[in-house]
Amino acid sequence: MVATKKSFLSIVIFAFITTAAHAGLPIQHWQSTSGAQVYFVENHDLPIVDVSVNFAAGSSQDTLEKVGTAAMTQRLLTLGAGGMTDDEISNKFADLGAVLGGDFDVDRASLKLRTLSSEREKSAALQLLATLLQKPDFPVKVLEREKARTISGLQEDATLPESISNRAFTAALYGSHPYALEDAITPESVAKLTRDDLVAFYQRYYTRNNAVVAIIGDLTRAQAEQLTDQVTEQLPQGQAATALPAVPLPQVAVERRIPHHAAQSHILLGYPGIKRIDPDYFALYVGNYILGGGGFVSRLTEEVREKRGLVYSVYSYFAPLREAGPFQIGLQTKREQTGQALSVVRDTLKKFVTDGPTSKELKAAKDNLTGGFALRLDSNSKVLDYLSVIGFYDLPLTWLDDYVGHVNKVTVAQIKDAFARRIKPDNMVTIIVGNTE
Amino acid sequence: MHRFITALLFLFSFQTVAAENQIHETTLANGLKVVVQEDHRSPVVVAQVWYRAGSIDEYNGTTGVAHVLEHMMFKGTRQFPAGQFSRMVAAAGGKENAFTSRDYTVYFQQLEKSKLALSMKLEADRMANLQLTDAEFAKEIQVVMEERRWRTDDKPQALVAEQYMSTALQVHPYGRPVIGWMNDIQNMTGQDARNWYHTWYAPNNATLVVVGDVKPEQVFALANKYYGVLKPHKLPVRKPQVEPEQKGERRITVQAPAKNPYLLMGYIAPTFKGSADWEPYALEILTGVLDGNAASRLNRNLVRRDRSAVEVSAGYDMINRGPSQFEFDATPSEGTSVADLEIAIRGEIETLKNEGVTEEELQRVKAQVIAADVYKRDSMFNQAMEIGQLESTGHSWRDLADYTKRLQTVTPEQVQAVARKYLVDEHLTVAILDPQPIDENAPKKEAPHGRH
């Protein structure tokens, strides 16, 4: 029960997981005999091994007819495999002190494992991971249970202003693009999912050639090679994931106002943003730090919170994806001041896009982004996430090493130019949940 | 290492102790305690300043003032006016934040290691020289009200948690929310915040925790340079405000717009007093048996087997300045009433009390504890948090070293014994969310306004 001053810090960090690295992070990369791409950092500081196995099996690979299949497939991977029940799997990992996790987003589905590096624990935990990935059972009874739990969660979400605004935002921003499928899931669509849907999705997307394996920790290159074979060589064979279409840009402003009883209005503004590999990546990224990514020193926080006391949290971020991920500004404010807060945000954005940052602001941004670079790689779990991103999006192996140089090269003119070309304040998507007057 | 410490003792009259897990401590002449843990894996450092002042130290009418002061601490000093603190930390590549809890208020920076001095310079300055103006206060109190709306008022389960605590603890300050009641926030003044600051913000009421790629001697010298010049002051006597014994079950219903009901129930439980205590360790193991992994009793039986719940969890925290709770919370599945779910949870508790736990369950929890003790070393921040939390609740970081070992000694009989002793009906409080239809056309009314 802790109250924090800066709730949005975690959002900022999440949005820029994309970023930086340690000059000279020694990433070893190879393709395993199974076809999987492997990214490995050998590090013996702690007796721990972290592994993440990633597939292009996120929600954008769903179809509208069977929306929700991708998420449910990933969820059931850990709930029945090789004849083991969900309880048996949970207990075996617990007995080893191993921690199983995973990530799921529009592009990517993954399973993650953290284990002690001692031989008994490590080999047993990896064997379990190998079974989950390669011998999933998708038990019908477990599927029915998880469907009921998912539906319950969706029904609750439908009452919460934050969830309502997020769903409306995704729908308005992405329309018929596959990135809209993430929030197209309904209780009705979940109820229709069958075991066959999951099996077919698994066979199609959890393939050897789609696998990206990230590893860091207390093991040798030879052990990492063996590990990779173990967790991938019995995966289905198949084609690469379906390529995504480009995200169409809105030609007119879209504004949706959804009434809600809450004390605060939840406001989201956005526009299609950047791709993971994008010529404007660093200009927009550094620029956004100045606009709304830099916490207390950002323009949005200064104008909306510090000067006027209208919000607890206001932020902006670019979430770079395979295709253009969202550029989003978010805030919550007392319902009576909805209009005032919205106009301050719009003015702040418009001014930034029109005039760009000052050179003093740019220097401050560079000082922070380059000076704090080491903080981005100060734990194995952070490095693991970077390895996954680099591997999954096929970024250069030197991407982390080059980061500081890229940030330092950004100019005021580049930021101004990139924002002017890429962000259109007059064509934004705006969602207001709460006071709609 | 030992030789160095002798030198330090000589130079600064520090009381310094070295320990096996590379933790070092000293206390400056003005009472500021400094604890340093070396972690040389990355060229970074985390510095946390822990003030032993949280909502437990508040009185009715000014609830939330500890947290309001935390916000005001970013509003500047004569040397570094409003906004400068954050700008300087940002320019150094740092991340910063602060948080307030029931027991303490914490300010921290994460930085590249060469920037540690900046953190100390700024923190030491605002420990003594905060300029808390009514103009800044008037703006910031609006931000805090927004925070309360966001954190609690618009979240039905958070309202349940708030009401649960105020029902379980009717006298002890833990019954009041950390963020404060809205009416108290609305009526708070700049003077309330200044009083709080002058009462509690002093080197002799603080602990500095530093973890990272540093040498303790450097940290101690920097601390002495920046914090050493600050004057201690006399702290008020802290009244215990002990909760009278609960004599019977307490129940409360919270009505709020929502879809699913929600249940939060808990028992009064002992707080860790010192290493002679075994009961808190047994209760920690009990938590693991109930909710340590996805196949522990609660999830296995209620979510997976009976399908009466969509979520269920158990929690207990043995480190507090005040009384602890052993809590359960759960969301019933479609077709199960919240009353039936409560019966099911109480059934699990009865089974525990009557039949105890198996050796297999115990070993499983212990294996997870041993591994977690290794995994936590991957986060400098969390290591600093553990040290600071113990130091700020009347204990020592040395209790950490003991913790894992002590958990390993817990027996099945001890787990059963604490279940029987503490999970008893007369010490139970139950809070239930009774979902109300969502009427979009009826804006919720805030509590009656004071000043605003």
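Residues numbered from 1 in each chain as written. Chains lettered and ligands numbered in written order. Predicted model: local features only at pLDDT ≥ 70, side-chain atom pairs only at ≥ 80, totals over all residues. Heavy atoms only, no water.

A.B. asks: Got a minute to help me understand the overall build of chain B in this structure?
C.D. replies: Looking only at helices and strands, one finds 16 helices and twelve strands in chain B. What you see for chain B is a C-alpha radius of gyration of 24 Å, in line with the 22 Å of a compact globule of 452 residues. In chain B, which comprises 452 residues, the proportion classed as buried is 59%. In chain B, 80% of the contacts between residues at least 6 apart in sequence involve partners at least 24 apart. Accessible surface, chain B: about 17500 Å² in total, of which carbon and sulfur atoms supply 53%. (Helix = DSSP H or I, 4+ residues; strand = E, 2+ residues; numbered from the N terminus. Rg over C-alpha atoms; globule rule 2.2 N^0.38 Å. Buried < 20%, exposed > 50% of the residue type's maximum accessible area, 1.4 Å probe, protein only. Contact = heavy atoms within 4.5 Å. Areas by Shrake-Rupley, 256 points an atom, 1.4 Å probe, with all protein chains shown as cover.)

A.B. asks: How should I be thinking about the overall build of chain A in this particular structure?
C.D. replies: Secondary structure assignment for chain A yields 16 helices and twelve strands. Over its C-alpha atoms chain A spans a radius of gyration of 22 Å, differing by no more than 12% from the 22 Å that the globule rule assigns to 437 residues. In terms of its C-alpha atoms, chain A occupies a principal-axis envelope of roughly 60 × 50 × 45 Å. For chain A, long-range pairs separated by at least 24 residues make up 83% of all intrachain contacts whose partners lie at least 6 apart in sequence. In the structure as shown, chain A presents an accessible area of about 15700 Å², 53% of it carried by carbon and sulfur atoms.

A.B. asks: So what exactly am I meant to see when it comes to the sheet that holds strand β5 (residues 99–104) of chain A here?
C.D. replies: Residue and element names in this part refer to chain A. The sheet built from six strands is open, its strands ordered β2-β3-β7-β4-β6-β5 with mixed pairing. Strands at the two margins of the open sheet, each flanked by one partner only, are β2 (28–31) and β5. This sheet shows a mean twist of 15° between the axes of neighbouring strands, independent of strand direction. One ladder, built from six bridges, connects strand β3 (residues 37–42) with strand β7 (residues 212–217); its direction is parallel. Its bridge partner being in β7, Y39 is matched across the sheet by A214. Taken strand by strand, helix α4 (residues 119–134) contacts β4 (48–55), β5 and β6 (109–116), and its axis lies near 165° from that of β6. (Pairing = 2+ DSSP bridges. Axes fitted to C-alpha atoms, helices over the stretch in contact; angles between N-to-C directions.)

A.B. asks: Could you clarify how one ought to interpret the pattern of salt bridges in this entry?
C.D. replies: Between side chains of opposite charge, pairing is possible as soon as their charged atoms come close. Inspection of every chain in the model, using the stated rule, returns 63 salt bridges over all chains. Note that K33(B) is salt-bridged to E25(B), the shortest N-O span being 3.5 Å. You'll find K33(B) and E25(B) in the same group, each marked buried. In this structure, K376(B) engages D373(B) in a salt bridge whose closest nitrogen and oxygen atoms are separated by 2.9 Å. It is possible to trace a salt-bridge network through shared partners that takes in R75(A), D86(A), D87(A), R145(A), E146(A), R149(A), R304(B) and E311(B). (Salt bridge = Lys/Arg side-chain N within 4 Å of Asp/Glu carboxyl O.)

A.B. asks: Is there a simple way to think about the packing of helix α10 (residues 279–291) of chain B against helix α16 (residues 412–422) of chain B in this case?
C.D. replies: Working note: a packed helix pair is described by the angle between its axes plus the distance between those axes. Residues and elements named next belong to chain B. It is the contact of α10 with α16, at a shortest axis distance of 9 Å, that shows an interaxial angle of 95°. With respect to α16, the axis of α10 lies roughly perpendicular. The segment α10 lies against α16, with E279, A282, L283, I285 and L286 engaging Q414, V415, V418, A419, K421 and Y422. In terms of residue class, the contact of α10 with α16 is built from eight nonpolar, one polar and two charged. (Parallel < 35°, antiparallel > 145°, perpendicular 65-115°, else oblique. Nonpolar A, V, L, I, M, F, W, Y, C, P; charged D, E, K, R; others polar.)

A.B. asks: What should I look at first to understand the packing of aromatic side chains in this one?
C.D. replies: For any pair of aromatic rings, the description rests on two quantities: the centre-to-centre distance and the angle between the ring planes. Using the criterion set out here, one finds 38 aromatic pairs over all chains in the structure. Ring centres 6.1 Å apart and planes at 75° place the aromatic pair W30(A) and F40(A) in the edge-to-face group. Here the residue W30(A) occupies a position in strand β2, and F40(A) occupies one in strand β3, the gap between them amounting to ten residues. Summarising the burial analysis for this pair, W30(A) and F40(A) share the class buried. A centroid spacing of 6.5 Å and a plane angle of 40° characterise the contact between F74(B) and Y107(B), whose relative ring orientation is tilted. Of the two residues, F74(B) sits in the loop between α2 (65–72) and α3 (84–91) while Y107(B) sits in strand β6 (residues 105–112), which places them 33 residues apart along the sequence. (Phe/Tyr/Trp six-rings, centres within 6.5 Å; stacked < 30°, edge-to-face > 60°.)

A.B. asks: What's the story with the side chain of H177(A) in this structure? I'm lost.
C.D. replies: Residues and elements named next belong to chain A. Its place among the elements puts H177 in the loop between α6 (161–174) and α7 (187–192). For H177, a relative accessible area of 4% corresponds to the buried category. Those residues in contact with H177 that sit more than four places away from it in its chain are P245, A246, V247 and P248.

A.B. asks: Help me understand the sheet that holds strand β8 (residues 254–259) of chain A in this model?
C.D. replies: The strands making up a sheet are joined through hydrogen bonds of the backbone, oriented either antiparallel or parallel. Residues and elements named next belong to chain A. Reading across the sheet, the five strands line up as β8-β12-β9-β11-β10 and stay open at both edges, with mixed pairing between neighbours. Single-partner strands in this sheet number two, and they are β8 and β10 (314–318). Ignoring strand direction, the axes of neighbouring strands in this sheet form an average angle of 10°. Across five bridges, the pairing between strand β9 (residues 264–272) and strand β12 (residues 429–434) is antiparallel.

A.B. asks: Explain the interface of chain A and chain B to me, please; I cannot follow it from the model alone.
C.D. replies: How big an interface is tends to be stated in terms of the accessible area lost upon association of its parts. Listed as interface residues are 69 residues of chain A and, on the opposing side, 69 residues of chain B. Interface area, chain A with chain B, both sides summed: about 6200 Å², of which 55% is carbon and sulfur. In this structure, the connection of chain A to chain B is made through seven salt bridges. Between R305(A) and E140(B) there is a salt bridge, and its shortest N-O distance comes to 3.1 Å. Remark: the boundary between chain A and chain B carries 28 residue pairs in polar contact (both at pLDDT 80 or more). Here the residues of the side of chain A that touches chain B sort into 26 nonpolar, 23 polar and 20 charged. (Buried area = accessible area lost by both parts, 1.4 Å probe. Polar contact = N/O pair within 3.5 Å; in protein donor to acceptor, adjacent residues only side chain to side chain.)

A.B. asks: Would you mind going over helix α12 (residues 338–355) of chain A with me for this structure?
C.D. replies: Structural remark: α-helix, 3.6 residues per turn; residues separated by three or four positions point the same way. Residue and element names in this part refer to chain A. A rise of 1.5 Å per residue sets the reference length of α12, with its 18 residues, at 26 Å; its end C-alpha atoms lie 26 Å apart and thus fit the reference within 8%. Three or more residues of α12 are buried, namely T338, A341, L342, V344, V345, T348, L349, F352 and V353. When α12 is viewed along its axis, its buried side chains cluster within an angular range of 160° and face the same direction. G356 occupies a position one or two residues after α12 and carries a positive phi of about 70°. (Expected span 1.5 Å × (residues − 1). Arc of directions from axis to C-beta.)

A.B. asks: Hey, could you run me through the packing of α12(A) against helix α16 (residues 412–422) of chain A in this one?
C.D. replies: Residue and element names in this part refer to chain A. α16 packs onto α12 with a crossing angle of 120° between their chain directions and a minimal axis gap of 7 Å. For the element pair α12 / α16, the angle class is oblique. Seen from α12, the contacting residues are F352, V353, T354 and D355; seen from α16, they are I415, K416, F419 and A420. In the contact of α12 with α16, the residues fall into five nonpolar, one polar and two charged.

A.B. asks: Please explain the nonpolar core as it appears in this structure.
C.D. replies: Buried together is how nonpolar side chains tend to be arranged in soluble globular proteins. Judged by nonpolar contacts, the single largest core of 137 residues is most densely connected at V51(A), Y206(A), I215(A), V286(A), F327(A), F419(A) and I423(A). Considering each element in turn, this core owes the most residues, nine residues, to helix α10 (residues 281–293) of chain A. Ignoring sequence-local partners within four residues, the contact set of V51(A) consists of L111(A), K112(A), L113(A), L126(A), L129(A), V213(A), A214(A), I215(A), L227(A) and L384(A). Counting residues in each nonpolar core, the second largest holds 63 residues, with V46(B), F99(B), V303(B) and L362(B) among its members. (Core = buried A, V, L, I, M, F, W, Y, C linked by side-chain atoms within 4.5 Å.)

A.B. asks: Just checking my understanding: could you explain helix α3 (residues 86–96) of chain A for this structure?
C.D. replies: By the criterion of burial, α3(A) is predominantly enclosed, with eight of the eleven residues buried. Every buried residue belonging to α3(A) is among D86(A), D87(A), I89(A), S90(A), N91(A), F93(A), A94(A) and L96(A), and all of these are buried. Close packing links the buried residues of α3(A) with β5, β6, α4 and α5 (140–157) of chain A together with α11 (297–305) and α13 (359–375) of chain B. G97(A) occupies a position one or two residues after α3(A) and carries a positive phi of about 70°.

A.B. asks: Help me out: how do you make sense of empty space enclosed by the protein in this one?
C.D. replies: In this approach a probe as big as a water molecule rolls over the atoms, and the regions it shows empty are the leftover space. All names here are of chain B. Counted by the stated rule, this structure contains two cavities of 30 Å³ or more. If you trace the second largest cavity, you find it lined by M73, F74, K75, G76, T77, F80, F85, L122, D125, R126 and L130. Here the element with the most residues in the lining of the second largest cavity is helix α4 (residues 116–128); it accounts for three residues. (1 Å grid on protein atoms, 1.4 Å probe; cavity = no way out; pocket = protein on both sides within 12 Å on 5 of 7 lines; lining within 4 Å. Points joined across faces, edges and corners; volume = space filled by probe spheres on them.)

A.B. asks: Is there a simple way to explain the confidence of the model for chain B in this structure?
C.D. replies: For any part of a model where pLDDT is low, the fine detail of the predicted coordinates should not be relied upon. All names here are of chain B. Chain-level pLDDT for chain B is 92 on average; 92% of the residues reach the 70-or-more range. Note that residues 1–20 has pLDDT below 50 and, in this model, 32 contacts with residues that lie over four places away or in other chains. In the model, residues 443–452 has pLDDT below 50 throughout and makes 25 contacts with residues more than four positions away in sequence or in other chains. For this predicted complex, the interface confidence score (ipTM) comes to 0.92, while the overall pTM stands at 0.93. (pLDDT = per-residue confidence, 0-100.)

A.B. asks: I'm lost on unusual backbone geometry in this one. Help?
C.D. replies: In terms of backbone geometry, most residues other than glycine have negative phi values and most peptide bonds are trans. Residue and element names in this part refer to chain B. Here Q241, not a glycine, exhibits a phi torsion of approximately 45°, which is positive. You can see Q241 is positioned in the loop between α9 (216–226) and β8 (250–257). Positioned with a positive phi, R307 is a non-glycine residue whose angle comes to about 55°. With respect to the element layout, R307 can be found in the loop between α11 and β10 (309–316).

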